[in-house]
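# Results of the structural survey
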Amino acid sequence: MDSMSNTDKLFAAFGDIQSQRQLTANYAMNGALQALQDGKYDRAASQLKRVLALTPDSTDAYKYLGMAYSGLGKSNDAIAAYKNAVRLEPGSSSAHKDLGNAYLEAKRYSEAEKEFQTTARIDPTSTYAPYTLGFLYLNTGREQEAEAQFRKVIAIDRRDAHGYYGLGMAYSKMGKYDEAIEQLQMAVKIDKDFALAHSELGKAYAATTQKDMAQEEVETLSTLDPALADELGGILFSPAFIINIYQKNSFNTILGPGTRVADLDPSLATPSASTDFTMVLQFNAEMDGVSVQNVANWSISKAAGGTGGTYNNGITLDPDAEIAIPPTPLMVTYDATKMQATVTFTLSQNETGDGVFDPSHLVFKFTGTDVNGKTMDPNANEFDGFALVPF
């Protein structure tokens, strides 16, 4: 005689059904996880829907479904999936974090902010929420609130380089570059391989005209992250004059103090005669043609010391015979294919025909811009024959 009652048999059958449903759900979950790992997000989503049909209270299934939708670029569907995970586990910091990230991805910043604030309340020992809030505030123009969040990260874990990195970013956004440098130096001291921190440190150095220090960061990044090295190098780059040994000038910049004007061109042997001369100057970058051809961006002057030397070496033996130097060119043309400017200027003989001057110490200076609007490197925007190199 069967000892089981009908009720017992029903419960046993129901248990068998539940067990089978769970086994099928587990099988579908394993398939979904493999599909996620392989980047097959459509298949993963399909499997996860099957899991949820069998086990509708699976928080993990909603979490992974959110990941699948995110991979497919379906941000609204991802948000809906993560919301269900939060509904099932409202006290889970991980669930709120996932939903916050989904809102961030969709650029729904106010909703993301609420989720990360909740995450921080649930788990005040984690640096993730304040760190993410800090960058959310930076991206929405709330630098002081960002500063407060990054300080929280540092308070939670003083050995976390990311807190100092974020605080340095906040200070840079506020224009407090000295403070930014201090924080970013701390970040790379803690983590010498922190490429993003090295990049931001280089930018802060550049903003404070510490170009040599910024260049050191470029060199560090060349091994850590070549793309960031190129980006920082581009920021540091400035257009400049460079030497081109193939340049052909009608003006001889080698001749020194006391050179007779008539020796440059026979026509200048005549008193009060004038002749045009050209100087071809080589740039290291493609320049703005309009800027180059604007004579107001150019000047011609007598060298007054430093790398360019001093006009007449500082001693003028016959001041009455010195000719006048034109302060600006007559015209300037630009060859974009060669990145060269041809500067045309006029020299005039004096009234007595015995004029002298110092060709080697005439300084040609350009203060215009390249095609990207960058101004000339102040250390390489002048040229004269004495220096032989731009200065």
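Bear in mind that the values here come from a model prediction, so they are computed numbers and not experimental data.

### Considerations on the side chain of Asn350
Within the secondary structure, Asn350 is located in the loop between strand S6 (340-348) and strand S7 (356-357). Owing to a relative accessible area of 15%, Asn350 belongs among the buried residues under this scheme. A polar contact is formed between the side chain of Asn350 and the backbone nitrogen of Gly353, at a distance of 2.7 Å. In terms of polar contacts, Asn350 uses its side chain to reach the backbone amide nitrogen of Gly355, at 3.4 Å.

### Here's the deal with the packing of aromatic side chains
The tally for this structure, following the rule as stated, stands at 17 aromatic pairs. Arranged with centres 5.9 Å apart and planes meeting at 70°, the rings of Tyr131 and Phe150 form a pair that is edge-to-face. Here Tyr131, found in helix H7 (residues 128-139), pairs with Phe150, found in helix H8 (residues 143-156); they are 19 residues apart in sequence, far enough to count as distant. Assigned by exposure class, Tyr131 and Phe150 land together as buried.

### Things to note about the sheet that holds strand S4 (residues 298-302)
In spatial order, the strands read S4-S8-S9; together these 3 strands make up an open sheet with antiparallel pairing. Lying at the two open borders of the sheet, with one neighbouring strand each, are S4 and strand S9 (382-383). The pairing of strand S8 (residues 362-366) with S9 spans 2 bridges and is classified as antiparallel. Following the sheet pairing, Lys365 is matched in S9 by Glu382.

### Some thoughts on the side chain of Thr55
Mapped onto the fold, Thr55 is located in the loop between helix H2 (41-54) and helix H3 (59-71). Not counting residues up to four positions away in its chain, the partners in contact with Thr55 are Gln22 and Ala25.

What counts and what doesn't
Along each chain, the written sequence defines residue order, and numbers are assigned to residues from 1. Given that the model is predicted, a residue must reach a pLDDT of at least 70 before its local features are reported, and side-chain atom pairs must reach 80 or more before they are shown or counted; all residues, however, enter totals for whole chains, interfaces and linings. Derived side-chain values reflect all non-hydrogen atoms in the structure, with water molecules and hydrogen atoms excluded from consideration. Helix and strand assignments come from DSSP, with helices taken as H or I runs of at least 4 residues and strands as E runs of at least 2, each series counted from the N terminus. Only protein chains enter the area calculation, which uses a 1.4 Å probe; residues under 20% of their type maximum are buried, those over 50% are exposed, and those in between are partly exposed. Counting of polar contacts relies on pairs of N or O atoms within 3.5 Å, with two restrictions inside protein: one atom must be capable of donating a hydrogen and the other of accepting it, and residues adjacent in sequence are counted only when both atoms are side-chain atoms. When the centres of two rings from Phe, Tyr and Trp lie within 6.5 Å, Trp using its six-membered ring, the rings pair. Their planes under 30 degrees apart give stacked, over 60 give edge-to-face, and anything left gives tilted. Being paired, for any two strands, means DSSP has found at least two bridges between them. Any two residues whose heavy atoms approach within 4.5 Å are treated as being in contact.

As far as function goes, none of this settles anything; it's purely spatial.
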